[in-house]
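# Survey of secondary and tertiary structure
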Amino acid sequence: TQLLLHLFFLHLHCEEHLGHARQDCLNRGAHLVIIESEDEQTFINGLTSVSHVWIGLTDSGTEGTWRWVDGTPLNISYWRSVEPNGGGVENCVMVPYWSSDQEDWMDFGCSNQEYWICEKGLL
Ligand SMILES: [Ca+2]
Ligand SMILES: [Ca+2]
């Protein structure tokens, strides 16, 4: 599947806020993970042994308008039922380790320190 054409880097040793995470991915020629398929959501959601992870989705540009870090608009989404609920104080999105629900995205404050996943397309 398309998932196999992507490399994922998971950062296990340090926790950083989203600005640092974003830059770290760029330094690796990658970007924060963009979830474009059910397979990708399932894969990332399956990383239950780690803490929350940042994904590359934000509404920091325009409140309430969610965009991926590469600028593409949000097409398929996997929000938890009450999310997003943070308004202007929660502009980043993480996948929590404590939930195995397929729909478990939560908007969260960008300055919180979490693990993150970089993604690099191989084609
Ligand atoms: Ca917001
Ligand atoms: Ca929230």
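Residues numbered from 1 in each chain as written. Chains lettered and ligands numbered in written order. Predicted model: local features only at pLDDT ≥ 70, side-chain atom pairs only at ≥ 80, totals over all residues.

Labelled according to an unreviewed UniProt entry, the protein chain appears under the name C-type lectin domain-containing protein, originating from Hucho hucho.

### Notes on the overall build of the protein chain
Our working rule: Only DSSP runs of H or I reaching four residues or more are called helices, and only runs of E reaching two or more are called strands; each is numbered from the N terminus. The contact criterion used is a C-beta to C-beta distance within 7 Å, with each C-beta placed from the backbone.
Secondary structure summary: the protein chain contains two helices and seven strands in total. Secondary structure elements of the protein chain, listed N to C terminal, follow the sequence β-α-β-α-β-β-β-β-β. Considering only intrachain contacts with a sequence separation of at least 6, the fraction spanning at least 24 residues in the protein chain is 67%.

### Notes on the nonpolar core
Selection rule: A set of buried Ala, Val, Leu, Ile, Met, Phe, Trp, Tyr and Cys residues, joined to one another through C-beta atoms within 7 Å, is what we call a nonpolar core. Buried residues are those with 20 or more other C-beta atoms within 10 Å of their own C-beta, exposed residues have 12 or fewer, and partly exposed residues lie in between; C-beta atoms are placed from the backbone.
Grouped together as the largest cluster of nonpolar side chains are 24 residues, with contacts concentrated most on Leu32, Val53, Trp54, Ile55, Met94 and Trp116. When residues of this core are traced back to their parent elements, those giving at least two are helix H1 (18-27), strand S3 (53-62), strand S4 (65-68), strand S5 (92-95) and strand S7 (115-121). Every residue in contact with Leu32, bar those within four places of it in the chain, is listed here: Ala21, Arg22, Cys25, Trp54, Ile55, Gly56, Val69, Trp116 and Cys118.

### Considerations on the environment of His52
If you trace the backbone, His52 turns up in the loop between helix H2 (38-45) and S3. According to the C-beta neighbour criterion, His52 is partly exposed, with 18 such atoms within 10 Å. When the C-alpha positions of His52 and Trp98 are compared, they lie 8.2 Å apart, and in sequence the two are 46 residues distant. If near-sequence neighbours (up to four positions away) are discounted, His52 is found in contact with Met94, Val95, Pro96, Tyr97, Glu114 and Tyr115.

### Notes on H1
Worth spelling out the cut-off: Note: the arc covers the axis-to-C-beta directions of the helix.
If you check which residues of H1 are buried, you get Leu18, Ala21, Arg22 and Cys25. Projected down its long axis, H1 shows its buried positions confined to an angular sector of 100 degrees, all on one face. H1 presents Gly19, Gln23 and Asn27 as exposed residues on the side facing more than 90 degrees away from its buried surface. Those residues of H1 that are buried lie in contact with strand S2 (31-32), S3, S5 and S7. Backbone geometry just after H1 places Gly29 at a positive phi near 70 degrees.

### Here we look at the pairing of S3
In plain terms, the rule: What makes two strands pair is DSSP finding at least two bridges between them.
Of all ten residues in S3, seven are buried, a share of seventy percent or more. Across four bridges, S3 lies against S5 in antiparallel orientation. The residue of S5 that forms the bridge with Val53 is Val95. Judged from the two bridges that link them, S3 and S7 form a sheet pairing that is parallel. Bridge pairing in S7 places Trp54 opposite Trp116. Here three bridges tie S3 to S4, and the two strands are oriented antiparallel to one another. Considered in S4, the bridge of Leu57 is made with Trp68. In textbook terms, the turn of a hairpin is the stretch between consecutive antiparallel strands, and for S3 and S4 this stretch comprises two residues, one of which, Gly64, has a positive phi near 90 degrees.

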